[in-house]
Structure formats: structure tokens, C-alpha cells
Amino acid sequence: MVLFAEYLPYRVTYCLPLVDWHPMSRPLDKTCYELSSSGDFMQWHQATVLHQCLSQTAVMLSLKRKWTPRNAFDLCSHCLMCVPRNLQITKEHFALYQQEITPREKVHERCKNICTPKDTFDRTLLHTHDKSRTDLEQVPKIFMKPDFALEDSLTFNAVLPWSHFSTAGGKGNRDAASSKLLQEKLSHYLDIVEVNIAHQISLRSEAFFHAMTSQHELQDYLRKTSQAVKLLREKISKIDKVMCEGSLRVLRLSLTRNNCIKAYNKLKLMATVHQTQPTVQLLLSTSEFVGALDLIATTQEVLQQELQGIHSFRHLGSQLCELEKLIDKMMIAEFSTYARNDLNRPLEDDCQILEEERLVSLVFGLLKQRKLNFYEIYGDEMIITAKNIIKQCVVNTVSQIEEIDTEVVVKLADQMRMMNFPQWFDLLKNIFSKFTIFLKRIKATLNTIRSVVFLVLDKNQKTRDLEDTLEKNSAKDSTVDTEVAYLTHEGMFISDAFSEGDLLPVAADTTSQRNTSPNSEPCSSDSVSEPECTTDSSSSKEQTSSSVTPGGVEMMISDDMKLTDLELVRLANNIQELLYNASDICHDRSVKFLMARAKDGFLEKLNSNEFVALSRLMEGFILDTEQICGRKSMSLRGALQSQANRFVNRFHEERKTKLSLLLDNERWKQAEVPAEFQDLVDSVSDGRISLPEKKTAATEERKPAEFLIVEGQKYATVGTVLLLIRIILEYCQCVDNIPSITTDMLTRLSDLLKYFNSRSCQLVLGAGALQVVGLKTITTKNLALSSRCLQLIVHYIPIIRAHFEARLQPKQFSMLRHFDHITKDYHDHIAEISAKLVAIMDSLFDKLLSKYEVKAPVPSACFRNICKQMAKMHEAIYDLLPEEQTQMLFLRINASYKLHLKRQLAHLNVVNDGGPLNGLVTSDVAFYTGNLQALKGLNNLDLNMAEIWEQKR
């Protein structure tokens, strides 16, 4: 390196390059480093100066600008800037430099191996650092700012004040001196900075020499590496030609073949999709809605997955959607037509399902399209058909009756009201039979629909179970063998090629299953040998399973019915509810038919037999519908109950009126008992509480009996009581025929029995018969006969109670208390009659014994009269009342007699002293006792006549 020095007074200027110099950036600038004459420059070692010059190369290498030296001279070309351009540089030019540098380099290498003491080195660094800091503190802070820029006016004015450049007169020399001083000051600041920069460069000179040393080693290593790489490439190229090129070519051909097969299958698939619309039209022409919908769904899936983006099919998806909507409307219309044809066909005993396969296909299609309200169409048709059934039955019946002129009477309701009961009853029976067949057909059809729903529900459950099983198995077999994949030049992997070739036959097998579904056609003639042009089984939703309906129709249930279990269960319940509604519809139409006939009071005018027949017919129809549909319908039952209540009211009023008329005309004389009444009583004793249907010839030939024999006892009755017994049995038989009116009949029968008791009391005890019938007096015979009639009714009350109790619900047993009250009332009435008989004799005793005098002759006239009246009493009641009741009655009469006689003897002061008066009284009493005991049935009567005497105190 050559240093050029210019010696000036008091100053030595060294020509050194700028630190940021670059041969490609700008012209070389020379900056003069000024050192004072104090000798500070001499403190630098010459080697240090040289190192500072040479170490600038490391700084240049670390600059942001990329620069690569063209040759060795570029590294230090800044040191030769003063050499002429045409000078020829040879090795001799560096001889002096090498001589000077070689010893220093040796010293330097030797010094590097010697460890400088740490404290000395630290003090040197500290001293140098302190000196550098002191020098840098002389530089103003404004030059050290990061945003220092002379373009800023404030910064420029602070660095170069304008006062130094003023050229006003008189001050030129002074301003020039100031400007020169400013220039020297700035030069001094620049020197300080460059000296510190050079110092920092000198500190990094060691790294530069180390880099130069290691560069040769690096070049040798790179040359060896390049040779090794070249040799390796040659070997790889040979291996590629010998071992890999053929195999890779086979793989590429295999991939090409697979791609060709895919393209061929894709074209076949496009051809199949192209035939979708004609195939759908063909399926719709045969009403194969399920097959058409499956084909549309499959085609839509293929368009969205495998043929997505095909320009020629861009409108096919929307066309299929419109076609699917059209199929929805066609299925609704078809189902409506089916329901109309099914419900309106002739109502015969044949309850077979109409075209079950067609029905099942329609239901599957509607379920597939989520048309879950299709059953409402069937319900509307049921209402219309029920109306037509009644209308047609009325028309057919009216046409067979010659008495009805259809030209005069136009309305069907008026024509129906012109029928008599047998004609109307036959019409109602025909309507009920038609409705029964109608409900059986509806049940069979709805059961088929429900079975389809349950098949879909069962399929969903099996699918879920299968998925759960597959998930469990996949969790166990989750380990997958990994393969090493090598990338080919086409971007494919070797493992992909092999796996694709292995999966190809499998895909062919799985996709061929789809073409075996109903209404499917092969894609082409060679579809057997080649893979099928359909979607992969993994993406297909058309896997189906075979199921058989209860009618034996086999159907393929697809997996794409997106119906939840809740929706299917709700639909099944709605269909079952539709069957209940069918029963309600039939009952409602029947009620309207009944109300139309009952508008003129026709049903209320029916007799018991007619109403019982009507009630049995309606009850039978109600039970049949309940058995068919499995639920009770209350409308017809309520109408029957309403008519039954009206019938009960009329029935009771008729019987009560009849009983009232009988009582008002009853003369209370013993009546003969016809044989039919005796047979009726005997049947009741045998446990058959019913009326004989017809009188037999043997019954008519038998003569009437004087008494009614009931379980071995004789009952003398009046004709009213015999008819009352028959009326009571009519009530009981009506309850057997119409169980729904049991409670009403019980109440009405109780009222009837109470009415008989109160009315008979008014007529006999109250002597009402004197005015009503015209009797002259109420005799003891009338009283005794009335008592015996009441006893006969009391005898049958427990039997009636048991009959009603067997037909009442347990919660209705409280109504039986009416019979207890009636029994008590009847017993009280009987007791009152007995008391009345005693009272009659009591008044007689009081009248006769009040005039009794103890004197001859014996027996006295009073006692003869008393005995005569007692005999008349006995004669009147003995044949009417049982012997026990007669004895009890005469005991009470005797007690009354003794009481009056005792009172009269006390009044006459006759005592039991054995005197003449006592003897006369004893004779009269003996006459009375003998006559009384001589009466029939009273011979063993204990009279105890000693009680007539006052007891001695």
C-alpha cells in the first residue's frame, strides 16, 4: 500500500479514503485528516495505520450494497487512487510491502498466542474508550441525531448561521475569517468522527485476517464437494436409466389407463344421466312414482358430486327439481283418486284392499317426499262417502215403496218420514250394515298404510343399530398400515396408483348393486365387463332393503327417507286417529238420520217392543264399531240415551196414568186371578223376571183362581194390584232390554210404587173411594184387602231390588236406598190399616160397654152384641189375612175390649169378691170367651180375662 503525504507548515495531511467508499457508487473523495504538530500522530504505530487502511475491506463487505471484488486488486484499489491509469502493476511493486508486512505479521501471530493480562487489557480498552468518548463529546449533539438532515431549514441554520455569509461593507474580512474558522471547525468534527471510525475498524482487523485465511480452505472444500456431487449425479443417472425408468414408465402407463377408464366411465355416466328424463317419463306413465323419485334423487346426487361443473348439464338440476314438484302433485292427485275409488266401490261383504301394491307404492312415494298430511285427503273422502251411503240407502228404499210418490214428495227427508216403523227400521238396519262394511274397509286400508309407516320406522332403527355396530368395529380396527409414497413426475404417488388399481374392482362390484334396483337399466351393452357408470357406493344413498307388507306386497325401502322416528310415530298415531274419526263420522251421520226421523215425534210414539228393537239395533251397531275401531264413540250412544230418556218419560207417564185410572175405578173387592197372572208370578218365583210373549192355549182354557199363590201363600188381591205387578215386570224387562236406562227406570219405578202407596192410602184409609168410586162405606174387608195387597207388593220389593242391583254399577248402589224407603212406607201403611181395624172395634167397645149394666139375664144383650160384631170382623178378614195376622189382630182387639170392660166395671164398683154381681160379670165374660175361641183359627188364643178386675192392694 502506498501512502501519499503532503507536508504543510504545522500540519501533515494524509490522503485516506472514506469509510463508505464504493467503486460503483460515486467519485473518490479525498478527505484530509489534520493532526496537530503536538505529535499525536506519532503515537500511532505505522502498522496500526496500515491495518486501519486494510481493515476497511471488512467494513465494505458488511455494507448493505452487494459488491463482489472482481480480482485481488479490487480489495485495496482505494489505496492506489493516486497511481496513474496507464501504470503497469507487477509483483515487484509489492516486494517492499511484503518485506515490511511479513515481520509484522509474524509478530502479530505471535502476539495472538500470548494472552494479555486481563487487567492490563481492560485498562487499555477503558482508556481508549474514555478518550474516544471525550473526543466525541466535542462534536455538537445535533450531528448525532437520527433525523439529521440539512434539507431542514432549522437544522441548516443551526449548522451554518447566515451571519457568517453576510457580505455587507466593512465587514468582509471579518466574515471571511469567520467562515474559514467555521470550515476548520467542521473539518475538525469530521476528523474526530473518522478517527473513531478508523479506531473501530482497527478493532475488527483480526476478523478480516481470519476470513482471508479460511477462504482458501473453503475454496478447497467447495471444489471437493463439487466433484463429489458430479460423481453422485452420474451414478444416479445410471441408476435411473437401469432401474427406475422402466418401472416409472409402467406406473405412468397404469395411471394413464386408470384415467382413461375413469374418463370412459364418466362418459357412460353422462350418457345415463342424459337418459334420466325419458326414463322418468316412462316410469310416470306406469305410476312408478317411487322409482322415478329414486332416479331423480340419484341423478341429483351424481350431478352435485361426480358431474359437477359439466356445462351441458347446467340446466338439468333445475329441470329435475321441477319434475320432482310435478311428481308431488301427481302423487297427491293419484292418492285422492285411489281414496275415492276405494271408498265408493260397492259395499259388499268383501273387505279386500283395492290395489294394495298401488297403495303401498303411493304411500312410500309420499313418505319419501315428506307429504305427511296425505291422510287428510282420505279423511275428506270418508265424510263425503258416509253422506252418500245414507243418501243411496234412502233412495233405494223409497224406490221400493209404492205408497210414496217421489214426484209429489221431492225431498228425501220428507220421503223418509212417510215410512212406517217396519220400513224405517229395515232402512236403518241396512244403513248400519253398510256402515259396518265401510268401517272394515277403512280399517284394512289404514292398517296397510300404518304397516308401511312402521316398516320405514323399523328400517330407521335397524340402520341406526348397524351404524352403531360399524362405529364400534371401526374403533377397534382403527390402526391403518402406512405406505411410503414416492412422488412421480405427474404429481401422483406410487401408493395412490396401487391403491387405485386395487379399489377399482371393488368400486365396480359396489356400484353394480345400484343398477339392480327396480326400474333401472344398464348403461350400455358392455356394462357387465366394464365398471358401471354410476357413483361410488360410499357416496350413494340408494342402498335398499326388501320388506313385506301385511298383505304380502314386497317393497324396497330406500335409506334416503329423511324422516325422524318422532315424525313417523306421530304419523302412525294420526292414521289410527283417522280410524277413530271414521267411526265418529258414521255415528254422527246416523244421529242426523235419527234426528231427521224424530222431528215429528215419531220415536217418542214407539211402543215398548218397537223401541226395544230399535235400541238393540243401535246397541249392536255401537258394539260392532267399537270392536272394529277399538274406541267408543259417544255421539250415537248419546242420541240413544236421549231417546231412551224420552222413552222412559213417556213409558212411565203411560204406566202411571194407567195406574191412576185403575185406582180411581177400583172398588176394593177381591178379584179373581187369571191363569196368566199366576204363571207370571210363578216365573218370577223361578227367577225369570220377564213377561210372557204370547198367551198359550192352555192358559186361556184354565179358569181364574180365587187367590194368588205366591211361594205357597195365598194372597187375596184386587185387579189393580195384579196389573201393577205386570207393570213392575215391564219396568224390569225394559231395563234388561235397554241397560242404559237402568237408573232412570229405577227412579221411575220407585216413583210408581210410592204413588200406589200414597194413592191407595188416600182411597182406603182416607175414605177417598167414597167420592171417587161411590162406595157407601169403607168396610173392614176393604181395609184387610188393602193391607194384603200392600203385603204382596212388599214381598216383591226385595226381588226387584236384587234385579236392579245386578244391573247397576257399584258407584250407583246408593240409589237402592229408594227401595228401603218404599219398604218402610209400605210397612207403616200396613200398620196403619191394622190400627184402623183395631180402632173400629175400639169405638164399638166404647159405645156398647159404656151402657153395660150388671144384671140378669145372662148373657146380657151387650155381650151378645159384642160377640156378634166380633164374629162379623172375623168373617170379613179371615179369608183375606193369614191366620197369624188374624190372631195378632184379635189379640189387639181383645186387649181393647178388656180395657173398656175394666173401666166400666170400675165405674159400676163391681169387684172380684165372689158376690152376685161378680158372678153375673163372670158369666158374661165366659160367654164372650167361648164365642171368641169358637171362631176359626182363634181356638188357641190366650185371652187372659183376669186382667178385667182391679188388683187388690
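This one's a predicted model, so the numbers in the text were calculated from it and none came from an experiment.

Quick notes on the rules
- Residues numbered from 1 in each chain as written.
- Predicted model: local features only at pLDDT ≥ 70, side-chain atom pairs only at ≥ 80, totals over all residues.
- Heavy atoms only, no water.
- Helix = DSSP H or I, 4+ residues; strand = E, 2+ residues; numbered from the N terminus.
- Buried < 20%, exposed > 50% of the residue type's maximum accessible area, 1.4 Å probe, protein only.
- Areas by Shrake-Rupley, 256 points an atom, 1.4 Å probe, with all protein chains shown as cover.
- Salt bridge = Lys/Arg side-chain N within 4 Å of Asp/Glu carboxyl O.
- Polar contact = N/O pair within 3.5 Å; in protein donor to acceptor, adjacent residues only side chain to side chain.
- Contact = heavy atoms within 4.5 Å.
- Patch = residues over 30% accessible without salt bridge, like charges linked within 9 Å, V, L, I, M, F, W, Y side chains within 5 Å.
- Lys, Arg positive; Asp, Glu negative; His and termini not counted.
- Charge placed at Lys NZ, Arg CZ, Asp CG, Glu CD.
- Phe/Tyr/Trp six-rings, centres within 6.5 Å; stacked < 30°, edge-to-face > 60°.
- Axes fitted to C-alpha atoms, helices over the stretch in contact; angles between N-to-C directions.
- Parallel < 35°, antiparallel > 145°, perpendicular 65-115°, else oblique.
- Nonpolar A, V, L, I, M, F, W, Y, C, P; charged D, E, K, R; others polar.
- Core = buried A, V, L, I, M, F, W, Y, C linked by side-chain atoms within 4.5 Å.
- Disulfide = S-S within 2.5 Å.
- Expected span 1.5 Å × (residues − 1).
- Left-handed = near helix turned anticlockwise from the far one by under 90°.
- pLDDT = per-residue confidence, 0-100.

A. Expanded view of the overall build of the protein. The number of helices and strands found in the protein is 28 helices and 7 strands. When burial is assessed residue by residue, the protein has 38% of its 953 residues classed as buried. Surface exposure of the protein reaches about 55500 Å², of which carbon and sulfur atoms provide 55%.

B. The environment of Asn581, seen in detail. You can see Asn581 is positioned in helix α16 (residues 565-597). Along the primary structure Asn581 and Met382 are separated by 199 residues, whereas in three dimensions their C-alpha atoms are 9.2 Å apart.

C. Structural context of the pattern of salt bridges. This model, assessed by the stated rule, comprises 20 salt bridges. The partner of Asp751 in a salt bridge is Lys656, and the shortest N-O contact between them spans 3.2 Å. Pair noted here: Asp751 is in helix α22 (residues 742-765) and Lys656 is in helix α18 (residues 634-665), with a separation of 95 residues, a long-range link. A salt bridge links Asp828 to Lys824, with the nearest nitrogen and oxygen atoms 3.2 Å apart.

D. The side chain of Gln904, seen in detail. Tracing the backbone shows Gln904 in helix α27 (residues 883-908). Exposure remark for Gln904: the relative accessible area of 9% places this residue in the buried category. Of note is the side chain of Gln904, whose polar atom sits 3.3 Å from the backbone oxygen of Tyr852. Setting aside residues up to four positions removed in sequence, Gln904 forms contacts with Leu849, Ser850 and Tyr852.

E. Broad picture of a negative patch on the surface. A cluster of like negative charges, contributed by Asp465, Glu467, Asp468 and Glu471, occupies part of the molecular surface. Mapping Asp465 onto the fold places it in helix α14 (residues 421-476). Judged by its relative accessible area of 49%, Asp465 falls in the partly exposed class.

F. Up close: the packing of aromatic side chains. Here the structure, examined in full by the defined rule, presents 16 aromatic pairs. Between the aromatic rings of Phe421 and Trp424, the centroid separation amounts to 6.5 Å while the plane-to-plane angle is 40 degrees, which identifies the pairing as tilted. Placement of the pair is Phe421 and Trp424 together in helix α14, with a separation of 3 residues, close to one helical turn. Aromatic side chains Trp424 and Phe593 sit 5.8 Å apart centroid to centroid with 0 degrees between the ring planes, which places their arrangement in the stacked category. On the criterion of sequence distance, the pair formed by Trp424 in helix α14 and Phe593 in helix α16 is long-range, its members being 169 residues apart. Each member of the pair, Trp424 together with Phe593, is buried.

G. Focus on the packing of helix α9 (residues 289-305) against helix α11 (residues 356-368). It is at 8 Å that the axes of α9 and α11 come closest, and there the two elements cross at 30 degrees. Taken together, the axes of α9 and α11 are roughly parallel relative to one another. For the pair α9 and α11, contact is made by Phe289, Val290, Leu293 and Asp294 and by Ser361, Leu362, Phe364, Gly365 and Lys368, respectively. Among the residues forming the contact of α9 with α11, the class breakdown is 5 nonpolar, 2 polar and 2 charged.

H. A look at the nonpolar core. Ranked by internal contacts, the top residues of the largest apolar core, which has 199 residues, are Trp424, Phe804 and Phe890. Per element, the largest residue contribution to this core is 18 residues, and it comes from α14. Sequence-distant contacts of Trp424, that is, excluding residues within four places in its chain, are made with Met416, Met419, Phe593, Leu594, Arg597, Phe602, Leu603 and Leu614.

I. Spatial organisation of a nonpolar patch on the surface. Taken together, the side chains of Leu218, Tyr221 and Leu222 present a nonpolar region at the surface, about 340 Å² in accessible area. Positionally, Leu218 belongs in helix α7 (residues 205-274).

J. The environment of Phe593, seen in detail. Looking at Phe593, the relative accessible area reads 5%, which means it is buried. Placed 180 residues apart in sequence, Phe593 and Ala413 show a C-alpha to C-alpha distance of 8.8 Å. Contact partners of Phe593, with chain neighbours within four places excluded, come to Ile390, Val394, Met416, Trp424, Leu427, Leu428 and Ile431.

K. How the structure looks around the side chain of Thr720. Positionally, Thr720 belongs in helix α21 (residues 719-737). In terms of polar contacts, Thr720 uses its side chain to reach the side chain of Glu666, at 2.6 Å. Beyond its immediate sequence surroundings of up to four residues, Thr720 is in contact with Leu659, Leu662, Leu663, Glu666 and Phe756.

L. Representation of the state of the cysteines. Tallied over the entire structure, the rule returns 0 disulfides. Free cysteine Cys586: the closest other cysteine sulfur is in Cys629, separated by 7.5 Å. Owing to a relative accessible area of 0%, Cys586 belongs among the buried residues under this scheme.

M. Fine view of unusual backbone geometry. Backbone torsion omega between Ala856 and Pro857 reads 0 degrees, so that peptide bond is classified as cis. Following Val858, the chain continues into Pro859 via a peptide bond in cis, with omega recorded as -5 degrees. Examined against the element boundaries, Pro859 turns out to sit in the loop between α25 (817-849) and α26 (861-877). Notably, Trp668 is not glycine yet its phi reads approximately 60 degrees, a positive angle. Residue placement: Trp668 occurs in the loop between α18 and α19 (675-685). A positive phi angle, close to 55 degrees, is found at Asn944, a residue other than glycine. By the element assignment, Asn944 lies in the segment after α28 (916-933).

N. Quick look at α26. The terminal C-alpha atoms of α26, which comprises 17 residues, lie 25 Å apart, in line with the 24 Å expected from a rise of 1.5 Å per residue. If you check which residues of α26 are buried, you get Cys862, Phe863, Ile866, Cys867, Met870, Met873, His874, Ala876 and Ile877. As for α26, its buried residues are in contact with α24 (780-805), α25, α27 and α28.

O. Spatial organisation of the packing of α16 against helix α17 (residues 608-629). Close contact between α16 and α17 brings their axes to 10 Å; oriented N to C, the two are set at 165 degrees. Taken together, the axis directions place α16 and α17 in an arrangement best described as roughly antiparallel. Our pair here, α16 against α17, has a crossing hand that is right-handed. Contacts between α16 and α17 involve Gln576, Leu579, Tyr580, Ser583, Cys586, His587, Ser590 and Leu594 from the first element and Met618, Phe621, Ile622, Thr625, Ile628 and Cys629 from the second.

P. Examining the confidence of the model for the protein more closely. Of the residues in the protein, 76% have a pLDDT of 70 or more, and the chain-wide mean is 76. Long-range and interchain partners of residues 1-83, a stretch whose pLDDT sits below 50, account for 101 contacts in this model, where long-range means more than four residues apart. Low pLDDT, under 50, characterises residues 479-544; the stretch is placed with 92 contacts to residues that sit more than four places away or in other chains.

Q. Layout of the environment of Leu792. Its location among the elements puts Leu792 in helix α24. Here Leu792 falls in the buried class, since its relative accessible area comes to 0%. Sequence-wise, Leu792 and Val710 are 82 residues apart; in three dimensions their C-alpha atoms are separated by 8.6 Å.

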